[in-house]
Amino acid sequence: MLGNGWDDIGYNFLVDKYGQVFEGRYGGMDKAVVGAHAMGFNFGAVGVALLGNYNGAGLTAAERASLVQVLAWRLDVAHVDPLSHVTRVSAGNPEYGKGKPVYLRTISGHRDTYQTSCPGNSVYAQLPAITRQVAATGLPKIYSPVVVGGLGGNVRFTAKLSSAVPWTVTISDAFRQTVASGTGTSASLDWTWDSSLAPGGRYTCRR
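Because the structure is a prediction, the values reported are computed rather than measured. (Residues numbered from 1 in each chain as written. Predicted model: local features only at pLDDT ≥ 70, side-chain atom pairs only at ≥ 80, totals over all residues. Heavy atoms only, no water.)

J.: For this particular structure, what's the right way to read the overall build of the protein chain?
T.: Counting its secondary structure elements, the protein chain contains 2 helices and 9 strands. Each helix (α) and strand (β) of the protein chain, taken in turn from the N terminus, gives the series β-β-β-α-β-β-α-β-β-β-β. Out of the 207 residues in the protein chain, the part that is buried amounts to 34%. By sequence separation, contacts in the protein chain at least 24 residues apart represent 51% of the contacts at least 6 residues apart. Of the accessible surface of the protein chain, which amounts to about 11,900 Å², a share of 55% is contributed by carbon and sulfur atoms. Distance from the positive charge centre (18 side chains) to the negative charge centre (13 side chains) of the protein chain: 4 Å. (Helix = DSSP H or I, 4+ residues; strand = E, 2+ residues; numbered from the N terminus. Buried < 20%, exposed > 50% of the residue type's maximum accessible area, 1.4 Å probe, protein only. Contact = heavy atoms within 4.5 Å. Areas by Shrake-Rupley, 256 points an atom, 1.4 Å probe, with all protein chains shown as cover. Lys, Arg positive; Asp, Glu negative; His and termini not counted. Charge placed at Lys NZ, Arg CZ, Asp CG, Glu CD.)

The structure is reproduced here in C-alpha coordinates:
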(Lines give C-alpha, C1' and ligand atoms only; values in the text may rest on other atoms or scores of the structure.)
Protein backbone atom coordinates (compact mmCIF):
# COMPACT_ATOMS: atom_id res chain seq x y z
CA MET A 1 0.00 0.00 0.00
CA LEU A 2 2.89 2.32 0.73
CA GLY A 3 4.26 1.73 -2.76
CA ASN A 4 0.89 2.54 -4.35
CA GLY A 5 0.43 5.63 -2.20
CA TRP A 6 -2.83 4.36 -0.70
CA ASP A 7 -4.01 5.21 2.79
CA ASP A 8 -6.46 2.29 3.05
CA ILE A 9 -6.89 -1.40 2.14
CA GLY A 10 -8.50 -2.17 -1.21
CA TYR A 11 -10.53 -5.19 -0.05
CA ASN A 12 -13.64 -4.85 2.11
CA PHE A 13 -12.79 -7.93 4.18
CA LEU A 14 -9.71 -10.02 4.93
CA VAL A 15 -9.74 -13.60 6.23
CA ASP A 16 -6.69 -15.43 7.61
CA LYS A 17 -5.90 -19.14 8.02
CA TYR A 18 -7.14 -19.11 11.60
CA GLY A 19 -10.59 -18.00 10.49
CA GLN A 20 -10.21 -14.44 11.75
CA VAL A 21 -12.17 -11.87 9.74
CA PHE A 22 -10.89 -8.30 9.53
CA GLU A 23 -12.52 -5.15 8.23
CA GLY A 24 -10.58 -3.80 5.29
CA ARG A 25 -11.82 -0.79 3.35
CA TYR A 26 -12.99 1.86 5.82
CA GLY A 27 -16.60 2.97 5.96
CA GLY A 28 -18.72 0.22 7.50
CA MET A 29 -18.90 -3.50 6.81
CA ASP A 30 -22.67 -3.43 6.20
CA LYS A 31 -22.54 -0.35 3.96
CA ALA A 32 -22.09 -0.12 0.19
CA VAL A 33 -18.43 0.86 0.53
CA VAL A 34 -16.62 0.93 -2.81
CA GLY A 35 -13.36 -0.96 -2.58
CA ALA A 36 -10.31 -1.08 -4.84
CA HIS A 37 -10.09 -4.83 -5.30
CA ALA A 38 -11.15 -5.40 -8.92
CA MET A 39 -10.27 -2.67 -11.40
CA GLY A 40 -13.26 -1.88 -13.55
CA PHE A 41 -15.68 -3.79 -11.33
CA ASN A 42 -15.40 -2.20 -7.89
CA PHE A 43 -18.81 -0.51 -7.87
CA GLY A 44 -21.59 -2.78 -6.68
CA ALA A 45 -19.13 -5.43 -5.52
CA VAL A 46 -17.60 -6.61 -2.24
CA GLY A 47 -14.00 -7.80 -2.17
CA VAL A 48 -12.76 -10.51 0.21
CA ALA A 49 -9.02 -11.23 0.45
CA LEU A 50 -7.73 -14.56 1.73
CA LEU A 51 -4.37 -13.96 3.37
CA GLY A 52 -1.88 -16.36 1.82
CA ASN A 53 -0.89 -17.98 -1.49
CA TYR A 54 -3.44 -20.48 -2.76
CA ASN A 55 -2.07 -21.57 -6.12
CA GLY A 56 -1.06 -24.82 -4.45
CA ALA A 57 -2.10 -24.78 -0.82
CA GLY A 58 -5.74 -25.21 0.15
CA LEU A 59 -7.88 -23.33 2.62
CA THR A 60 -7.85 -24.36 6.25
CA ALA A 61 -11.19 -25.56 7.61
CA ALA A 62 -11.42 -22.47 9.82
CA GLU A 63 -10.65 -20.13 6.93
CA ARG A 64 -13.21 -21.72 4.64
CA ALA A 65 -15.89 -21.67 7.35
CA SER A 66 -15.29 -17.96 8.01
CA LEU A 67 -15.27 -17.17 4.30
CA VAL A 68 -18.64 -18.89 3.90
CA GLN A 69 -20.06 -17.03 6.90
CA VAL A 70 -18.90 -13.57 5.82
CA LEU A 71 -20.11 -14.07 2.23
CA ALA A 72 -23.49 -15.38 3.41
CA TRP A 73 -23.93 -12.48 5.82
CA ARG A 74 -22.86 -9.76 3.38
CA LEU A 75 -25.00 -11.07 0.53
CA ASP A 76 -27.95 -11.35 2.92
CA VAL A 77 -27.52 -7.68 3.85
CA ALA A 78 -27.96 -6.83 0.16
CA HIS A 79 -30.57 -9.60 -0.43
CA VAL A 80 -28.53 -11.13 -3.25
CA ASP A 81 -28.86 -14.79 -4.29
CA PRO A 82 -25.39 -16.42 -4.10
CA LEU A 83 -26.35 -18.89 -6.84
CA SER A 84 -27.37 -16.18 -9.31
CA HIS A 85 -25.44 -14.57 -12.16
CA VAL A 86 -25.12 -10.89 -12.99
CA THR A 87 -24.10 -8.88 -16.02
CA ARG A 88 -21.71 -6.11 -15.02
CA VAL A 89 -20.43 -3.32 -17.27
CA SER A 90 -16.70 -2.76 -16.97
CA ALA A 91 -15.47 0.68 -15.98
CA GLY A 92 -12.29 -0.20 -17.85
CA ASN A 93 -9.22 -2.38 -17.32
CA PRO A 94 -6.63 -4.17 -19.52
CA GLU A 95 -8.87 -7.27 -19.77
CA TYR A 96 -12.25 -5.64 -20.37
CA GLY A 97 -12.46 -2.18 -21.90
CA LYS A 98 -14.77 0.51 -20.59
CA GLY A 99 -18.40 -0.24 -21.39
CA LYS A 100 -17.85 -3.98 -21.98
CA PRO A 101 -20.67 -6.09 -20.46
CA VAL A 102 -19.40 -9.19 -18.63
CA TYR A 103 -21.55 -12.11 -17.44
CA LEU A 104 -20.36 -13.21 -14.00
CA ARG A 105 -21.29 -15.53 -11.18
CA THR A 106 -22.42 -13.58 -8.12
CA ILE A 107 -19.49 -15.14 -6.24
CA SER A 108 -16.58 -14.80 -8.66
CA GLY A 109 -12.81 -14.86 -8.49
CA HIS A 110 -10.60 -11.91 -9.33
CA ARG A 111 -9.37 -13.75 -12.44
CA ASP A 112 -12.89 -13.57 -13.86
CA THR A 113 -12.48 -9.82 -14.37
CA TYR A 114 -8.72 -9.30 -14.70
CA GLN A 115 -5.48 -10.90 -15.90
CA THR A 116 -4.39 -12.42 -12.59
CA SER A 117 -4.02 -15.82 -10.91
CA CYS A 118 -6.01 -14.55 -7.90
CA PRO A 119 -7.54 -16.16 -5.85
CA GLY A 120 -5.21 -19.06 -6.61
CA ASN A 121 -5.98 -22.31 -8.43
CA SER A 122 -6.95 -24.15 -5.24
CA VAL A 123 -9.50 -21.59 -4.07
CA TYR A 124 -10.83 -20.92 -7.57
CA ALA A 125 -11.62 -24.60 -8.04
CA GLN A 126 -13.59 -24.56 -4.78
CA LEU A 127 -15.77 -21.54 -5.65
CA PRO A 128 -18.77 -23.58 -6.90
CA ALA A 129 -18.82 -25.65 -3.68
CA ILE A 130 -18.25 -22.56 -1.52
CA THR A 131 -21.15 -20.84 -3.30
CA ARG A 132 -23.46 -23.75 -2.52
CA GLN A 133 -22.42 -23.59 1.14
CA VAL A 134 -23.10 -19.85 1.20
CA ALA A 135 -26.56 -20.38 -0.31
CA ALA A 136 -27.38 -22.99 2.35
CA THR A 137 -26.27 -20.78 5.26
CA GLY A 138 -28.88 -18.81 7.22
CA LEU A 139 -32.01 -20.11 5.52
CA PRO A 140 -34.63 -18.97 4.72
CA LYS A 141 -33.50 -16.00 2.64
CA ILE A 142 -35.19 -13.17 0.77
CA TYR A 143 -33.71 -11.99 -2.53
CA SER A 144 -34.19 -8.90 -4.69
CA PRO A 145 -37.02 -7.18 -2.77
CA VAL A 146 -38.69 -4.47 -4.85
CA VAL A 147 -41.35 -1.89 -3.93
CA VAL A 148 -43.23 -0.18 -6.76
CA GLY A 149 -45.84 2.55 -6.34
CA GLY A 150 -46.51 5.32 -3.84
CA LEU A 151 -48.73 6.47 -1.02
CA GLY A 152 -52.25 7.21 -2.23
CA GLY A 153 -52.35 4.36 -4.71
CA ASN A 154 -51.32 0.74 -5.11
CA VAL A 155 -47.95 -0.21 -3.62
CA ARG A 156 -46.64 -3.57 -4.84
CA PHE A 157 -44.09 -5.63 -2.91
CA THR A 158 -42.22 -8.42 -4.70
CA ALA A 159 -39.26 -10.63 -3.83
CA LYS A 160 -37.77 -14.04 -4.51
CA LEU A 161 -37.44 -16.47 -1.60
CA SER A 162 -34.91 -19.27 -1.12
CA SER A 163 -37.74 -21.82 -0.92
CA ALA A 164 -41.49 -22.06 -0.52
CA VAL A 165 -42.06 -20.70 2.99
CA PRO A 166 -44.78 -18.75 4.81
CA TRP A 167 -44.28 -14.99 4.43
CA THR A 168 -45.89 -11.85 5.79
CA VAL A 169 -45.64 -8.21 4.74
CA THR A 170 -46.69 -5.75 7.44
CA ILE A 171 -47.24 -2.01 6.95
CA SER A 172 -46.92 0.16 10.05
CA ASP A 173 -47.58 3.86 10.54
CA ALA A 174 -45.43 6.41 12.38
CA PHE A 175 -46.88 5.18 15.69
CA ARG A 176 -45.87 1.58 14.87
CA GLN A 177 -49.49 0.59 14.50
CA THR A 178 -50.25 -2.03 11.84
CA VAL A 179 -52.37 -0.55 9.05
CA ALA A 180 -52.22 -3.42 6.54
CA SER A 181 -50.66 -6.84 6.04
CA GLY A 182 -50.52 -9.64 3.52
CA THR A 183 -49.52 -13.27 3.87
CA GLY A 184 -48.79 -16.24 1.68
CA THR A 185 -46.75 -19.42 1.29
CA SER A 186 -44.61 -19.64 -1.82
CA ALA A 187 -41.11 -19.30 -3.23
CA SER A 188 -41.89 -15.77 -4.37
CA LEU A 189 -43.52 -12.87 -2.59
CA ASP A 190 -46.03 -10.72 -4.46
CA TRP A 191 -48.48 -8.56 -2.51
CA THR A 192 -50.12 -5.21 -3.24
CA TRP A 193 -51.24 -2.68 -0.64
CA ASP A 194 -54.09 -0.36 -1.61
CA SER A 195 -53.01 2.82 0.19
CA SER A 196 -55.64 5.06 -1.37
CA LEU A 197 -57.32 5.64 2.01
CA ALA A 198 -54.10 5.96 4.03
CA PRO A 199 -53.50 9.46 5.48
CA GLY A 200 -50.28 11.24 4.67
CA GLY A 201 -47.29 10.39 6.83
CA ARG A 202 -44.40 7.99 7.21
CA TYR A 203 -44.93 4.26 6.82
CA THR A 204 -42.58 1.31 7.15
CA CYS A 205 -42.82 -2.24 5.91
CA ARG A 206 -41.51 -5.42 7.45
CA ARG A 207 -41.10 -8.62 5.48
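J.: For this particular structure, what's the right way to read helix α1 (residues 61-77)?
T.: An α-helical turn contains 3.6 residues, so a residue and the one three or four places further along point in the same direction. The end-to-end C-alpha separation of α1 is 25 Å, in line with the 24 Å expected for 17 residues at 1.5 Å each. For α1, every residue scored as buried is listed here: E63, S66, L67, V68, V70, L71, A72, R74 and L75. Summarising the contacts, the buried residues of α1 are in contact with β1 (13-15), β2 (21-23), β3 (48-50) and α2 (121-135). Of the residues trailing α1, H79 is marked for its positive phi of about 55 degrees. (Expected span 1.5 Å × (residues − 1).)

J.: Help me understand the side chain of T170 in this model?
T.: Positionally, T170 belongs in strand β7 (residues 154-172). Classification of T170 by relative accessible area gives buried; the value is 8%. Among all residues touching T170, those that are not within four sequence positions of it are T178, A180, S181, T204, C205 and R206.

J.: What is the right way to read the pattern of salt bridges from this model?
T.: Side-chain pairs of opposite charge can arise whenever the charged atoms involved come near each other. Counting across every chain of the model gives 5 salt bridges. The partner of D112 in a salt bridge is R105, with the nearest N and O atoms 3.3 Å apart. (Salt bridge = Lys/Arg side-chain N within 4 Å of Asp/Glu carboxyl O.)

J.: Explain the pairing of strand β8 (residues 178-194) here, please?
T.: Remember that side chains alternate between the two faces of the sheet whenever the strand is regular. When β7 meets β8, the two strands line up antiparallel, connected through 15 bridges. For V155, the partnering residue across the bridge sits in β8 and is W193. In sequence, β7 turns back onto β8 through a hairpin of 5 residues, with R176 there showing a positive phi of about 65 degrees. (Pairing = 2+ DSSP bridges.)

J.: Just to check I follow, could you spell out a nonpolar patch on the surface for this structure?
T.: A cluster of nonpolar residues, M29, W73 and V77, forms a patch on the protein surface that exposes about 250 Å² of accessible area. On the secondary structure map, W73 appears in helix α1. (Patch = residues over 30% accessible without salt bridge, like charges linked within 9 Å, V, L, I, M, F, W, Y side chains within 5 Å.)

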